[in-house]
Amino acid sequence: MAIMAIFFSLTTPVGIAIAIRISKIYREESSTSLIVEGVLNSCSAGILVYMALVDLLAAHFMNSRMQSNLRLQLGANVSLLLGAGCMSFLWLYGLN
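Residues numbered from 1 in each chain as written. Predicted model: local features only at pLDDT ≥ 70, side-chain atom pairs only at ≥ 80, totals over all residues. Heavy atoms only, no water.

(A) How the structure looks around the overall build of the protein chain. Of the regular secondary structure elements, the protein chain holds four helices and zero strands. Taken from N to C terminus, the helices and strands of the protein chain fall in the order α-α-α-α. The buried share of the protein chain, reckoned over its 96 residues, is 5%. Summed over all atoms, the accessible surface of the protein chain reaches about 8,700 Å², with 73% contributed by carbon and sulfur. Measuring between centres, the 5 positive side-chain charges of the protein chain sit 9 Å from its 4 negative side-chain charges. (Helix = DSSP H or I, 4+ residues; strand = E, 2+ residues; numbered from the N terminus. Buried < 20%, exposed > 50% of the residue type's maximum accessible area, 1.4 Å probe, protein only. Areas by Shrake-Rupley, 256 points an atom, 1.4 Å probe, with all protein chains shown as cover. Lys, Arg positive; Asp, Glu negative; His and termini not counted. Charge placed at Lys NZ, Arg CZ, Asp CG, Glu CD.)

(B) A look at the packing of helix 2 (residues 31-61) against helix 4 (residues 70-95). Closest axis-to-axis distance for the helix 2/helix 4 pair is 11 Å, and the angle between their directions is 155°. Looking at the two axes, helix 2 sits roughly antiparallel to helix 4. As helix 2 runs across helix 4, the sense of the crossing is right-handed. Contacts between helix 2 and helix 4 involve Leu53, Leu57 and Phe61 on the former and, on the latter, Ala76, Asn77 and Leu80. (Axes fitted to C-alpha atoms, helices over the stretch in contact; angles between N-to-C directions. Parallel < 35°, antiparallel > 145°, perpendicular 65-115°, else oblique. Left-handed = near helix turned anticlockwise from the far one by under 90°. Contact = heavy atoms within 4.5 Å.)

(C) Inspection of helix 4 at higher detail. Counted at 1.5 Å a residue, the expected span for helix 4 with its 26 residues is 38 Å, and the 38 Å between its end C-alpha atoms agrees. Sitting at the amino-terminal end of helix 4 is Asn69, which places a side-chain oxygen 3.1 Å from the backbone nitrogen of Arg71. (Expected span 1.5 Å × (residues − 1). Polar contact = N/O pair within 3.5 Å; in protein donor to acceptor, adjacent residues only side chain to side chain.)

(D) Local environment of a nonpolar patch on the surface. The grouping of Ile47, Val49, Tyr50, Met51, Leu53, Val54 and Leu80 at the surface amounts to a nonpolar patch, some 620 Å² of accessible area in total. When residues in the nonpolar patch are grouped by element, the largest group, six residues, is from helix 2. Along the chain, Val49 turns up in helix 2. (Patch = residues over 30% accessible without salt bridge, like charges linked within 9 Å, V, L, I, M, F, W, Y side chains within 5 Å. Salt bridge = Lys/Arg side-chain N within 4 Å of Asp/Glu carboxyl O.)

(E) Layout of the confidence of the model for the protein chain. Residues with a pLDDT of 70 or more make up 99% of the protein chain, whose mean pLDDT is 88. Between the elements of the protein chain, mean pLDDT differs from a low of 88, seen in helix 2, to a high of 90, seen in helix 4. (pLDDT = per-residue confidence, 0-100.)

(F) Geometry of the environment of Leu53. Along the chain, Leu53 turns up in helix 2. With 27 residues separating them in the primary sequence, Leu53 and Leu80 have C-alpha atoms 9.7 Å apart.

(G) Summary view of the side chain of Ser33. Its location among the elements puts Ser33 in helix 2. Among the residues examined, Ser33 registers a relative accessible area of 10% and is labelled buried. Here the side chain of Ser33 touches Arg27 through a polar contact of 2.8 Å, landing on its backbone oxygen. Only 2.9 Å separates the side chain of Ser33 from the backbone oxygen of Ser30, close enough to count as a polar contact.

Below is the structure:
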């Protein structure tokens, strides 16, 4: 735990310093910056989806109570898909 705290306390100022240096030469409209921004956004979205599905939901879906009740499984899966659909709708709404 102490190693993680030390790593965080060292990487945060270094990241801020890099961002300050880059901000002086950064051009929002350039194709390179748009590609980099898209790649970084997709990486962070992938990490978010992984954390949500594998680390958080897996424990709930593998619960013995959930495994033994088909109605509960169906409700949980439908709720998961509805939530993903609502988030997609919000993304589409944000494009306009």
